[in-house]
Amino acid sequence: MTAALLPFFIGIPFLSAGLLSILGDRPRLHVSLLLANLVASTAGGLALVAHFTHADPMAHGVALWPFGIAIPFAADMFAALMLSVTGILSVTCAIFALYSGHATSRYFAPLLLVLVAGVNGALLTADLFNLFVFVEVMLLPSYGLFVLASRAKAPYRQIAGARLYVTINLLTSTIFLGGVGFVYGTAGTVNIAQLAGLAREDSAVAISVGVVLFALSIKASVVPVHGWLARAYPSTSPAITALFSGLHTKVAIYAIYRIYAVIFDGDARFLWIGVLLFSLTMIIGVLGAVGENTTRSILAFHMVSQIGYILLGVALFTEFGLTAGIFYLLHHMIVKASLFLSTGAIEIKYGTGTLGRVPEILKREPVIAVAFFVAALSLAGLPPFSGFVAKLSLIMASIEADQIAAAVVMIVVSLFTILSMLKIWSGIFWGGRTAEDQPEAEPGFPAGTNLGTLTRKQVRQLAEPTPRIGVGLAAPGVILAALTLGLGLGAELLLTLSQTAAQGLLDPSSYVNAVMNS
Amino acid sequence: MILTSVVISLVTCVLAPLLTRAAGRNAGWFLAIPLFAAAAVLVTATGGDFTRPVEQRVAWMPTLDVSFALRLDGLSLVFALLVLVMGGLILAYSARYLGRDGKHGTFYLLMTAFAASMLVLVMTDDLVVLFVAWEATTLCSFFLIGRSGPGAREPAIRTLLVTAAGGLLLLAAVATMAIGTGTTQISDVLTDSIWRDDPAFTATVAVLLAGAAFTKSAQFPFQAWLPDSMVAITPVSAYLHAAAMVKAGIYLLLRFSPPLAGETLWTVLLVTSGLVTALLGAAGALRRFDLKELLAYSTISQLGLLVVMIGVGTEASLKAAVIHTIAHALFKSALFMLIGVIDHQAGTRDMRELKHLRTRMPVTFTALVLGAASMAGLPPLLGFVSKEGMFAAFLEVHGPVWFPVLLVAGTATTSALTLAYSARIVLGAFAGKEEPASAGTREAHEAPAAFWAVPALGAASGLVLGVLPFLLDSLVAPAATATAGTPVDVHLALWHGLNPELAVSAVVIAVGTGLVLARRPVEVFMLPRGIPVSGLAIVDRTRQGIIRLGAVVGNWTGSTSPSRHLGIPAVCLAIIAVAGISTVGELPSVVGNPSRPEDWLLLILVAAGVASAVYSHTRYTAIVVTGIIGFAMTLWYFILGAADVALTQLLVEILTVCVLVLVLRRLPNKFPRESRKKRLGAGLVAVAAGTATTIGVWALTGRREMSEAAEYFMTQGEEATGGANLVNTILVDFRALDTLGEVTVLGVAGIAIAALLRSRAPSAIRSAKLDTGTPIYDSLENSVFLRVTTRVLGPLIIVLSLYLLLRGHQEPGGGFISALVGGAGFALLYLAAPSDAAARIRWPYLGLIGAGFLVAAGTGFMGYLEGSFLTPLHTEVLGVKLTSPLLFDVGVYLGVLGVMLAAFNLLGRHDEHSDPTHPSHDAEDEEHDAFLALDDMGDDRMDRTIEDEVTSR
Amino acid sequence: MTIAITIGILVAGAVYLFLQREMLRIILGFILLGHAGNLILIAAGGTSRREEPFGTPGDTGIVADPLPQAFVLTAIVIAFSITIFMLVLAVTGKDDDDTTEPEGDDDDPEFDVSTLPKGIIEAEDITTQSLNLSREKSLSRSRTHQSDNEAQSDLGAENEGGDR
């Protein structure tokens, strides 16, 4: 797998996107080319993972210009793991979107292909300005996907969410651009390999890269700039929220890990800022989640809290801490998408995600209920799921790096996580009714719905023969839930891979040398 | 060998649902057999000699050096037998307890799963596996409680929250111990030297373990969930909440006694909580009328006694704890099952109703008496033997003189109260025995033999072991040795001769019988004396409090209006600048003189533009002013020596203003006035962010020599690519990947706009309120001047854009600039059109964008002929130097043109485009509709029927 | 120093504008912010050297640094594309572009299920076949392209019957 083939990860999706936007009127071609692309990208990622189990990181200067001039594409175990998991996510979310009806829109496949190309590019590039460009390549299609709905039917809520989403991302990109400008102004280069360790010696470069990290932390929704994610994600369609949850914030987190490991070379002076900010993120995220009352805003707030956990890995910056952080990152991508997909399936078929407004789902959709509960337990860190392994190793790592306060925060936050998951479980799956206020069923309506609180539209929806979630809509959530169970029991495989990736971050010399003589 | 017993229990777990589908409720019998077999396997595994531990290990996560390790020593054997035998008995019992119909698949699955996880919990030698099993039991209990009807949901949630909180305390303890001792193997952890060297470590672990055990075994202050979970059916209560799950906490305390027993903190914690719980439980039991709740409170009280025994920590008290655990498991599960039998036969388990019931249940009565007597600690039952052992242990405790007195006094009163409520159970359950057989009272007949067999067996074994306690010696001795850490020899006997503990027992029995005789006044006295605040209320109030706090924190993020979300990063930038000033030491001096006199002119122009943009009240002036600032920026780029950039900025400015105007006619004219306070706030944040950026730019730029990359471009740039315009060569040769990304961004913007306008119709165009008489109303005549000039200008613009495209490599120009010029040409065409309908440009803009992608990415892949993606290729065709970057520029041209067409077509025309039912669709939309026939046909039909019905709203 | 002050003024104006309610003012704010970002990039290249970077200049001491100029060109075009998208967003809201409107009064506050276009693969009537399709797709990573088409064809057959 020579390094020269790395640009295939972005080239092929661009070509297919171009082809599909020309041939707009063939839904079947759109579906098959889209899925073929996504499966190929995942297969490529997995091949890279297999390659890096026994090989050093590889890099390739695009267009073979000399080092320092060409834009380098570099890949190591961490990048390969991210490529594979983002690939898996995009395949499952694409299948979910196809079944939830996005496939008919001729814009869906090209936009998704460009989004995946942007993600792959951002994961592989080792040049700060090129990272800015690929983040934009990732963002523009997501603006389009955000507002995708059937003909002239997008509710105002989706547009308001899109306005917030576009403006905050444009502000973040411009701050990122300013940061890159300052880096070029102080260090004279934007190539990550040339900048290696520079921020440790020169405090001016440290501040400039600090601005870049600040922009990335807005994108990763660290406190205090977390509000936009909690408000914007719930207002689009469920399939798109699941897709964004797996891709956008995760690319920003990957970039934070990479930049801090290579350019700051794990500088211990600034770690306390990280520990403080990320503990706050955990607390405020989960508190926000407990206070909400629709499934997707609870899960969106959870994402903020879980991102606090993931980034704590880099704030510890020990080998055990980084391993735990990377494992947590990969686990969270899978579990969060599974949660969004299973609750999304319910929201699509039952019309609403508000707690207490849905007939008892446990009896009606046992498969989805099991998938949700497995993923919820994994998120809360209960055994025997991957979440438990992730949380346990992160707590042990923080105790080893004697960050006792962070460990205590992690434990208290998992209790609140369980509380909010129970809120969804009793609100949606147990139908949100306790015995006493269980009105007898209206004739013709499913048991347990009192009509007073429902709007006219819901009354009509519920009057239809009670909808059942089809296999296609349920399968993605169930597959990802099974994956988290598999990762829990067979955690050893992913742990060793994360360890190799962590060693690659702890001592970035092999990564930097690969880029230098690419 | 011992792994096989775990495997057997897991297999039963898998078999359970299949067997239930086949045998219905009788599956209980078939599931009991493998549990008894597993118990037999364990006993044979130790080969009769229980003192030698048997170990077995399977690797699970070597990176965290965690392995699925099992170690069977005396203590594990006792608890494992307890779990398996009790489990088997209760499953057999539930074969009769459950209703004939009804789905019991999940019940048996969860019960066998619980048995398996408890077995792993008591036998594992790995801290992490201990935690995994611990949480598995919590989950099983949550589901078992939750499945008994909607009323049981709140209790299930409360139980899960309390036990999960305990579980997390255990997680903290496990992590601390694993890191402290460097291993997760329990046997090594217990013998590690850190317990004595590091008092802080020992104290934290002691508190954490105690907390975890207290939540699991329902000790004060977490005792509320046990009575609350009595909504579950009797087998669940008998097995989980009497025999097994609540014993997990006791097992944890016993397992970690060796290192912790000597700790004063450990003793204080356990003894105080144990005593308080024991007394509270006993008092609470006296006030209950529901027999099952009474048993729940008695369980809390008995567990309290156990915790006190473990807290004392001497060999004798640990021995007594082991015996009492066995005794309690036997009589408590028997009592629960008997109450289940009474409830099943008599239809109620409330004493007040049982009073009016003639209960003809001789066997149940005798079993109940035996069980209650054992609980009360009356000779010759096993309960008496364990209580004697307890009193003996407490009497010979050394330490401050008041300590043994407090212990004995506390446990003696508890035992007396226990005697009282045991009698209350028996009398309460069978008070109606003497009722004359009048016609009115209902008869409660004896249950069938298969139903009372199991509980009767339990109660009888209490009697047999009471009379011959030495049968247990070989079992209790190794268990006591495992917990005390030093070898303990055990000689159980009913009669130890006259000694102080016998005297205490006598006093206790006397006081107890007194309470029983005076049970009427005692009941009246006890009723109002409930504990002032109920544990459940605390759990609920904390839960509601957290949810309210969550709502407040959630509201900090405000709604989807962007102003709050955009303000926070601006403030953070100011904070970063302040941090920067304080940390950055001295800066290198400025190179050359960065500013020139003419800069000030432009600075003032920009400042004036910004000020008027801020204060403008109509949208029209705001747009004009932004145009001015754009042109000022173009001048800035010219004087800074960036010709290409200035040209691009100029063209971008023109086209942005065009699109702004297209948008303007759909928006109201004036901006509404903002409140003074809000404007001041925004102004403050703006000034802070502005100064922060100025300081940043001043400090971080212009203080270094030319970068090597710039040096390379200027010296070898031209001969490497053959292009003189260095900026363009960077764009399409050196950093072509950036430009490829850029083209994609622009193209996707066009697609996104089309997707947006297809998903939601833009707001209506606001009429210009022109009266029809004025000459400027008729657009046809007014555009005649423009139409004439376009006929001349049009071809000129196209030639200019092609010329700019071709010369890009040598002179300012290139893909973007030429395409923007072409776009400006189309803007002119659009403006010159007499009416919106005529203004449509019939080119398929999505096709153009797609073509742009294909050409650009295609050139990239052509680069592989020379070795890598996007490498430039040079060929001579008929003397004209053709290079792949030129082809790349053509791709850029197509993409940019596509977006311009998309913007003008979609935004520029009258509303009929967005209204789906409007007849005059254009080609682009027919193709759309064919594609979406499937989609619309379904949607419209459904909508139309529903719309008519709903329109009356 | 002058370019630093200009950038500061632009940023101040931009921040004030995008803290307002109207979407149009927010967009104008972001246009100014884009200008400021581009000027930062140019300033990073050093504003003391201001000659046009053409050919291979003899005295490189006076020629401006071409690299940030290339960055600015890319950034301008990206900012332009996002601006026109935001402009379209400005007009697709309620009757005006006020961003502080309460969200759901004219629409159903809940996510309206009918807004989702009807799936071509209507899940109910496809039973195990679609489950194999989806499980096949996501689990077995190395599916050959050929088997995609054959799964595709029965899909196609099914559709054919449906809408023609």
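Quantities reported herein were computed from a predicted structural model and do not represent experimental measurements.

So, how was this worked out
Residues numbered from 1 in each chain as written. Chains lettered and ligands numbered in written order. Predicted model: local features only at pLDDT ≥ 70, side-chain atom pairs only at ≥ 80, totals over all residues. Heavy atoms only, no water. Helix = DSSP H or I, 4+ residues; strand = E, 2+ residues; numbered from the N terminus. Buried < 20%, exposed > 50% of the residue type's maximum accessible area, 1.4 Å probe, protein only. Contact = heavy atoms within 4.5 Å. Areas by Shrake-Rupley, 256 points an atom, 1.4 Å probe, with all protein chains shown as cover. Buried area = accessible area lost by both parts, 1.4 Å probe. Salt bridge = Lys/Arg side-chain N within 4 Å of Asp/Glu carboxyl O. Polar contact = N/O pair within 3.5 Å; in protein donor to acceptor, adjacent residues only side chain to side chain. Nonpolar A, V, L, I, M, F, W, Y, C, P; charged D, E, K, R; others polar. pLDDT = per-residue confidence, 0-100. UniProt positions renumbered as here; feature names shortened; annotations may be inferred. Pairing = 2+ DSSP bridges. Axes fitted to C-alpha atoms, helices over the stretch in contact; angles between N-to-C directions. Parallel < 35°, antiparallel > 145°, perpendicular 65-115°, else oblique. Left-handed = near helix turned anticlockwise from the far one by under 90°. Patch = residues over 30% accessible without salt bridge, like charges linked within 9 Å, V, L, I, M, F, W, Y side chains within 5 Å. Expected span 1.5 Å × (residues − 1). Phe/Tyr/Trp six-rings, centres within 6.5 Å; stacked < 30°, edge-to-face > 60°. Lys NZ or Arg CZ within 6 Å of the ring centre and 35° of its normal.

Quick word on the overall build of chain A
What chain A contains, in helices and strands, is 21 helices and two strands. Within chain A, the proportion of its 518 residues that are buried is 77%. Counting only contacts in chain A whose residues sit at least 6 apart along the sequence, the fraction spanning at least 24 positions is 80%. For chain A, the exposed area adds up to about 11,400 Å²; of that, 67% sits on carbon and sulfur atoms.

Focus on the overall build of chain C
Secondary structure summary: chain C contains five helices and zero strands in total. Listing every helix and strand of chain C by position from the N terminus yields α-α-α-α-α. Looking at chain C residue by residue over its 164 residues, the buried ones come to 67%. Element-wise, carbon and sulfur atoms account for 56% of the exposed surface of chain C, whose accessible area totals about 5,100 Å².

Looking at the interface of chain B and chain A
Counting residues at the interface gives 121 residues for chain B, matched by 131 residues for chain A. Of the roughly 10,800 Å² buried between chain B and chain A, counting both surfaces, carbon and sulfur atoms make up 76%. For the pair chain B and chain A, the number of links is one salt bridge. Where Asp127(A) meets Arg735(B), a salt bridge forms, and the shortest distance between an N and an O atom there is 2.7 Å. In this assembly, chain B and chain A are joined by 14 residue pairs in polar contact (both at pLDDT 80 or more). A per-class count over the side of chain B that touches chain A returns 70 nonpolar, 29 polar and 22 charged.

Regarding the interface of chain C and chain B
Residue-level contacts link 86 residues of chain C with 113 residues of chain B. Across the chain C to chain B interface the summed buried area is about 9,000 Å²; carbon plus sulfur atoms make up 73%. If you look at where chain C meets chain B, you find one salt bridge. In this structure, Arg50(C) and Asp599(B) form a salt bridge, with 2.6 Å as the shortest nitrogen-oxygen distance. Run the count over chain C and chain B and you get eleven residue pairs in polar contact (both at pLDDT 80 or more). Contributing elements (two or more residues each) for the side of chain C that touches chain B: helix H1 (2-18), helix H2 (23-44) and helix H3 (66-91) of chain C. Broken down by element, the residue count for the side of chain C that touches chain B peaks at 21 residues, all from H3(C). In the side of chain C that touches chain B, the residues fall into 49 nonpolar, 22 polar and 15 charged.

With respect to the confidence of the model for chain A
With 92% of its residues at a pLDDT of 70 or more, chain A shows a mean pLDDT of 87. Every residue in residues 433-453 of chain A is under pLDDT 50, and counting partners more than four places away or in other chains gives 29 contacts.

So, the UniProt feature "transmembrane region" (unreviewed entry) in chain C
Residue and element names in this part refer to chain C. The feature "transmembrane region" (unreviewed entry), as given by UniProt, occupies residues 26-47 and 67-91 in the numbering adopted here. Note that residues 26-47 is 86% helix and 0% strand, and that its end C-alpha atoms are spaced 30 Å apart. The straight-line gap between the two end C-alpha atoms of residues 67-91 is 37 Å; of that span, 100% is helix and 0% is strand.

Details of the environment of Ser767(B)
Within the secondary structure, Ser767(B) sits in the loop between helix H33 (736-759) and helix H34 (779-782). As for Ser767(B) and Arg665(B), which are separated by 102 residues in sequence, their C-alpha atoms are 8.0 Å apart.

Points about the pattern of salt bridges
All names here are of chain B. Across all of its chains, the model carries 17 salt bridges over all chains by this definition. For the salt bridge of Asp73 with Arg255, the shortest nitrogen-to-oxygen distance reads 2.7 Å. Pair noted here: Asp73 is in the loop between strand S2 (66-72) and helix H3 (74-97) and Arg255 is in helix H12 (residues 245-255), with a separation of 182 residues, a long-range link. Asp73 gets classed as buried once you look at its relative accessible area, which sits at 7%.

Considering the environment of Trp29(B)
Residue and element names in this part refer to chain B. You can see Trp29 is positioned in helix H2 (residues 27-45). The exposure class assigned to Trp29 is partly exposed, which follows from its relative accessible area of 30%. Sequence separation of Trp29 and Gly88 is 59 residues, and the distance between their C-alpha atoms is 8.3 Å. The residues contacting Trp29, other than those within four sequence positions of it, are Ala92, Ala95, Arg96 and Ala450.

Looking at the pairing of strand S1 (residues 58-61) of chain A
Residue and element names in this part refer to chain A. With burial as the criterion, each face of S1 is covered, one bearing Met58 and His60 and the other bearing Ala59 and Gly61. As defined by bridge partners, S1 adjoins strand S2 (residues 72-75) across four bridges and the pair is classed as antiparallel. Bridge pairing links Ala59 to Ala74 in S2.

Quick look at unusual backbone geometry
Note the cis peptide between Val223(A) and Pro224(A), where omega equals 5°. Take Pro224(A): it is sitting in the loop between helix H8 (203-219) and helix H9 (227-232). Look at the link from Phe220(B) to Pro221(B): it is a cis peptide, with omega at 5°. We note that Phe317(A) has phi near 50°; this positive angle belongs to a residue other than glycine. Considering the arrangement of structural elements, one finds Phe317(A) in the loop between helix H12 (295-316) and helix H13 (319-350). By relative accessible area, which is 12% here, Phe317(A) ends up buried. Unusually for a residue other than glycine, Ala218(B) sits at a positive phi of about 50°. Among the secondary structure elements, Ala218(B) is positioned in the loop between helix H9 (199-216) and helix H10 (225-228).

A closer look at the packing of helix H1 (residues 8-22) of chain A against helix H37 (residues 845-862) of chain B
The N-to-C vectors of H1(A) and H37(B) enclose an angle of 150°; their axes lie 7 Å apart at closest approach. Classified by the angle their axes make, H1(A) and H37(B) are roughly antiparallel. H1(A) and H37(B) meet at a crossing whose hand is left-handed. For the pair H1(A) and H37(B), contact is made by Phe8(A), Gly11(A), Ile12(A), Phe14(A), Leu15(A), Ala17(A), Gly18(A), Leu19(A), Ser21(A) and Ile22(A) and by Leu846(B), Gly847(B), Gly850(B), Ala851(B), Phe853(B), Leu854(B), Ala857(B), Gly858(B) and Phe861(B), respectively. Tallied by class, residues from the contact of H1(A) with H37(B) come to 13 nonpolar, six polar and no charged.

A few points about the pairing of S2(B)
Residue and element names in this part refer to chain B. Burial runs high along S2: six of the seven residues are buried. Here strand S1 (residues 54-61) pairs with S2 via seven bridges, running antiparallel. Within S2, the position partnered with Val54 by the bridge is Leu72.

Details of a nonpolar patch on the surface
On the surface, a nonpolar cluster with roughly 490 Å² of combined accessible area is contributed by Leu463(B), Val464(B), Val467(B), Leu468(B), Phe470(B) and Leu471(B). Within the secondary structure, Phe470(B) sits in the loop between helix H21 (449-467) and helix H22 (473-484).

Details of H22(B)
Residues spaced three or four apart along an α-helix face the same direction, because each turn holds 3.6 residues. Residues and elements named next belong to chain B. A rise of 1.5 Å per residue sets the reference length of H22, with its twelve residues, at 16 Å; its end C-alpha atoms lie 16 Å apart and thus fit the reference within 8%. Of all the positions in H22, only Asp473, Leu475, Val476, Ala477, Pro478, Ala479, Ala480 and Thr483 are classed as buried. In the core, the buried residues of H22 are packed alongside H3, H12, helix H13 (257-260) and helix H16 (315-346). One or two positions beyond H22, positive phi appears at Gly485, with a value near 85°.

Overview of H1(A)
Its 15 residues place the ends of H1(A) 21 Å apart at the C-alpha level, agreeing with the 21 Å of an ideal helix rising 1.5 Å per residue. Among the residues of H1(A), those classed as buried are Phe9(A), Ile10(A), Gly11(A), Pro13(A), Phe14(A), Ser16(A), Ala17(A), Gly18(A), Leu20(A) and Ser21(A).

Comments concerning the packing of aromatic side chains
Considering all chains together, one arrives at 46 aromatic pairs over all chains under this definition. Measuring from centroid to centroid gives 6.0 Å for Tyr165(A) and Trp228(A), while their planes differ by 45°, and the two rings are tilted. Here Tyr165(A) is found in helix H6 (residues 156-187), whereas its partner Trp228(A) is found in helix H9, with 63 residues between them in sequence. Residue classification places Trp228(A) among the buried positions, given a relative accessible area of 3%. Between Trp425(A) and Phe143(B) the ring centres are 6.5 Å apart and the planes differ by 85°, which places this aromatic pair in the edge-to-face class. On the criterion of chain membership, the pair formed by Trp425(A) in helix H17 (residues 404-429) and Phe143(B) in helix H5 (residues 127-146) is interchain, its members lying in two chains. Under the relative-accessibility criterion, Trp425(A) is labelled buried at 2%. One residue, Arg424(B), lies across the ring of Phe289(B), its end atom 5.4 Å from the ring centre.

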